[in-house]
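Descriptive structure summary
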Amino acid sequence: MKKLLAVSLLIALLLCGCASNAPVEREIFAMDTVMTVRVWGDDSDVAAAVSEINRLDALLSVIYENSEVYALNRDGEAELSFDVFDLLVEAIEVSRRTDGAFDPTVYPFVELWGFTKDTQALPSQREIDAVLPLIGFEQVECDGDTVTLVNGGKIDLGGIAKGYTAQKVVELLQERGVETAFLNLGGNVQTLGSKPDGEAWVVGIADPENPSQAIACLRFTDSLALVTSGGYQRYFEENGVRFHHILDPKTGCPADSGLASVTVLAQDGAIADGLSTALFVMGIENATTLWRKSDDFEAVFITQDGAIFATEGAASLLTDCEFTVIER
Ligand code: ADP
Ligand code: MG
């Protein structure tokens, strides 16, 4: 009898050991990309994270006919639920602080280039000029929860939705008492807490010339969101010229700021995501000016000729590469 008790105690200890040291992991496809959810918790924590991702995907998608964003674009006016409204307000805030480099009203251009429906084609200047008056966050008017798009504009939260979702999932896991988690939502990485074994989180930055390889690594031990925007992520080619999916709202064409990618590090996932798209459009000089007057993000820039630049806070985490530090 005594022996039996000792054995079952050992099993219980082993099970406890598993719960705190070995994560539960699930890979899913949502928001048009592959996502990994790794939680130092139990199956129900992972299931809650996955259902939160699917819930937000269903609300925020620009292509699902049942989404709130789709209804707003179709009808020009819609009463939005908390998350969609909250994210739209955050998106407009990023738009303001980046002087419109990030702009949720960019959707008419995204449609024109065929990026959402994989029907990519080079538009004519006449087509671009016709769409230009529909772009600009002043097209979005809010009255309580009701949002109106004046002038027939359309919104796309695709440049910030994955970061917002990662943020919401981390908050949900925290509420459930989870202390450690690692999310990779299609390249948007967000960590919660420190690894139980005390090791650093190591996140690679893709080489824009060879995206399956890392060109550098970021090492850190606590909660952080890391989001990369790059011209190599989604594009088509015509007559040997590459046209990528991050558009400059001022020209209606793929941003051509001299950057191959930007990785933004921030405490908040939505900020990291919105800013990564914006800084890619702005280019290193304007992005540095914005960084100098901000205190909520750091960044790693890779230029089209392969040079790496890191703001001071990012530089202290950057390894396995040569780089230039951008000082305050
Ligand atoms: P991804 O979502 O592909 O990882 P980004 O976060 O940079 O990369 O978002 C790019 C997406 O955002 C595009 O596919 C498009 O839907 C949308 N988008 C493109 N240009 C802009 C822009 N200037 N401002 C806001 N959203 C944009
Ligand atoms: Mg983004």
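Residues numbered from 1 in each chain as written. Chains lettered and ligands numbered in written order. Predicted model: local features only at pLDDT ≥ 70, side-chain atom pairs only at ≥ 80, totals over all residues. Heavy atoms only, no water.

What to know about the overall build of the protein chain
Using the following cut-off: For helices the rule is a DSSP run of H or I covering at least 4 residues; for strands it is a run of E covering at least 2, with both sets numbered from the N terminus onward. As defined in this context, the radius of gyration uses C-alpha atoms, and a globule is described by 2.2 Å times the residue total to the power 0.38. Each residue's exposure class comes from its accessible area (1.4 Å probe, protein chains only) as a fraction of the maximum for that residue type: buried when under 20%, exposed when over 50%, partly exposed otherwise. Here, two residues are considered to be in contact whenever any of their heavy atoms come within 4.5 Å of each other. Note on areas: Shrake-Rupley, 1.4 Å probe, and residue coverage restricted to the protein chains presented here. When charges are counted, neither His nor the chain ends are considered; positive counts come from Lys and Arg and negative counts from Asp and Glu. Think of each charge as sitting on NZ of Lys, CZ of Arg, CG of Asp or CD of Glu.
Helix and strand content of the protein chain: nine helices and 19 strands. Taking 2.2 N^0.38 as the reference for a compact globule, 328 residues should give roughly 20 Å; the C-alpha atoms of the protein chain span a radius of gyration of 21 Å, in line with that estimate. Here the protein chain, with 328 residues, has 51% of them falling under the buried criterion. Counting contacts in the protein chain only where the partners sit at least 6 residues apart, residues at least 24 apart contribute 58% of the total. Accessible surface, the protein chain: about 15,600 Å² in total, of which carbon and sulfur atoms supply 51%. Distance from the positive charge centre (22 side chains) to the negative charge centre (51 side chains) of the protein chain: 5 Å.

Digging into the pairing of strand β6 (residues 181-185)
For a regular strand, the rule is simple: side chains alternate between the two faces of the sheet. In plain terms, the rule: In this description, strands pair whenever DSSP reports at least two bridges between them.
Within β6, four of the five residues are buried, leaving the element largely enclosed by the surrounding structure. Relative to β6, strand β2 (residues 33-39) runs antiparallel, the two sharing five bridges. Along β6, the bridge assignment pairs Val-39 with Ala-181.

Points about the coordination of the magnesium ion (ligand 2)
Where a metal carries four tetrahedral donors, each ideal angle is 109.5 degrees; where it carries six octahedral donors, the ideal angles are 90 or 180 degrees. Spelled out, the test is: Only nitrogen, oxygen and sulfur atoms count as donors, using a 2.8 Å cut-off from the metal that widens to 3.2 Å for Na, K and Ca. Water is left out, so coordination shells may look unfilled.
Taken together, the protein ligands of the magnesium ion (ligand 2) are Gly-159 (O), Asp-273 (O), Asp-273 (OD) and Thr-277 (OG1), with distances of 2.1 to 2.4 Å. In the primary sequence, the donor residues of the magnesium ion (ligand 2) line up as G-x113-D-x3-T. Here Asp-273 pairs with Thr-277, and both are found in helix α8 (residues 269-292), just four residues apart, close to one helical turn. An identical accessibility class is assigned to Asp-273 and Thr-277; each is buried.

A few points about the nonpolar core
What counts, and what does not: Among buried residues, the Ala, Val, Leu, Ile, Met, Phe, Trp, Tyr and Cys ones that are joined through side-chain atoms within 4.5 Å form a nonpolar core.
Counting 81 residues, the largest nonpolar core has Leu-60, Leu-157 and Leu-279 as the members making the most contacts within it. For this core, the element with the highest residue contribution is α8, accounting for twelve residues. Counting residues in hydrophobic clusters, the runner-up holds 19 residues, among them Phe-182, Ile-205, Leu-218 and Leu-265.

Comments concerning the site of ligand 1
The cut-off we apply is this: The cutoff for a nearby residue is simple: one of its non-hydrogen atoms must lie within 4 Å of the molecule or strand. We define a polar contact as two N or O atoms separated by no more than 3.5 Å, with the added condition that, inside protein, one atom must be a possible hydrogen donor and the other a possible acceptor, whereas residues neighbouring each other in sequence contribute only through side-chain atom pairs. Note on residue classes: Ala, Val, Leu, Ile, Met, Phe, Trp, Tyr, Cys and Pro are nonpolar, Asp, Glu, Lys and Arg are charged, and everything else, Gly too, is polar.
Around ligand 1 lies a shell of 17 residues, among which Asp-156, Ser-229, His-245, Leu-247 and Thr-277 are the nearest. Taking Gly-158, its main chain carries an N or O atom lying 3.5 Å from an oxygen atom of ligand 1. Taking His-245, its side chain carries an N or O atom lying 2.9 Å from an oxygen atom of ligand 1. Its free accessible area being 560 Å², ligand 1 has 92% of it covered by the protein chains. Of the residues contributing to the shell around ligand 1, the split by class is seven nonpolar, six polar and four charged.

Quick notes on helix α2 (residues 43-60)
Stated precisely, the cut-off is as follows: Multiply 1.5 Å by the residue count of a helix minus one, and that product is the helix's expected span.
Between its first and last C-alpha atoms α2 spans 26 Å; for 18 residues at 1.5 Å apiece the expected length is 26 Å, and the two agree. Its buried side turned inward, α2 meets β1 (24-30), β2, α3 (68-75), α4 (82-97), α7 (161-175) and β6.

Considering the packing of aromatic side chains
Which entries qualify depends on this criterion: What counts as a ring pair is set by centres within 6.5 Å for rings of Phe, Tyr and Trp (its six-membered ring), and what kind of pair is set by the plane angle: stacked under 30 degrees, edge-to-face over 60, tilted for all other angles. Only lysine NZ and arginine CZ atoms are considered, and such an atom sits over a ring when it is within 6 Å of the ring centre and within 35 degrees of the ring normal.
Applying the stated criterion across every chain yields a total of six aromatic pairs. Between the aromatic rings of Trp-113 and Phe-243, the centroid separation amounts to 5.7 Å while the plane-to-plane angle is 35°, which identifies the pairing as tilted. Taken together, the positions of Trp-113 in helix α5 (residues 107-113) and Phe-243 in strand β12 (residues 241-244) put the pair 130 residues apart, joining distant regions of the chain. Sitting over the face of the ring of Tyr-235, Arg-242 holds its NZ or CZ atom 3.8 Å from the ring centroid. Note that Arg-328 overlies the ring of Trp-291, its terminal NZ or CZ placed 4.0 Å from the centroid.

Looking at the side chain of Thr-191
With respect to the secondary-structure elements, Thr-191 resides in strand β7 (residues 188-192). Judged by its relative accessible area of 1%, Thr-191 is buried. Separated by 2.9 Å, the side chain of Thr-191 and the backbone oxygen of Asp-222 make a polar contact. Excluding anything up to four places from it in sequence, Thr-191 contacts Ala-181, Phe-182, Trp-201, Phe-220, Asp-222, Ser-223 and Leu-224.

Quick notes on the environment of Cys-142
Summarising the element assignment, Cys-142 is placed in strand β4 (residues 140-143). Taking the relative accessible area as the measure of exposure, Cys-142 reaches 42% and is therefore partly exposed. If sequence neighbours within four positions are ignored, Cys-142 has contacts with Phe-85 and Val-147.

Let's talk about the sheet that holds strand β3 (residues 77-79)
Cut-off, in case you're wondering: Note on geometry: axes are lines fitted to C-alpha atoms, helical ones only across the stretch in contact, with angles between N-to-C directions running from 0 to 180 degrees.
An order of β3-β5-β4 is seen for the three strands of this open sheet, with the pairing classed as antiparallel. In the strand order of this sheet, the two ends are held by β3 and β4, each with one partner. Within the sheet, the average angular offset between the axes of one strand and its neighbour, ignoring direction, is 20°. One ladder, built from three bridges, connects β3 with strand β5 (residues 146-149); its direction is antiparallel. Bridge assignment links Ala-78 to a residue of β5, and that residue is Val-147. Here α3 sits on the sheet in contact with β3 and β5, set at roughly 145° to β3.

What to know about the side chain of Gln-190
As for its placement among the helices and strands, Gln-190 is situated in strand β7. Here Gln-167 takes part through its side chain, which lies 2.9 Å from a polar atom of the side chain of Gln-190. Excluding its chain neighbours within four sequence positions, the residues that come into contact with Gln-190 are Gly-163, Ala-166, Gln-167, Val-170, Ala-181, Phe-182, Leu-183, Leu-224, Ala-225, Gln-267 and Gly-269.

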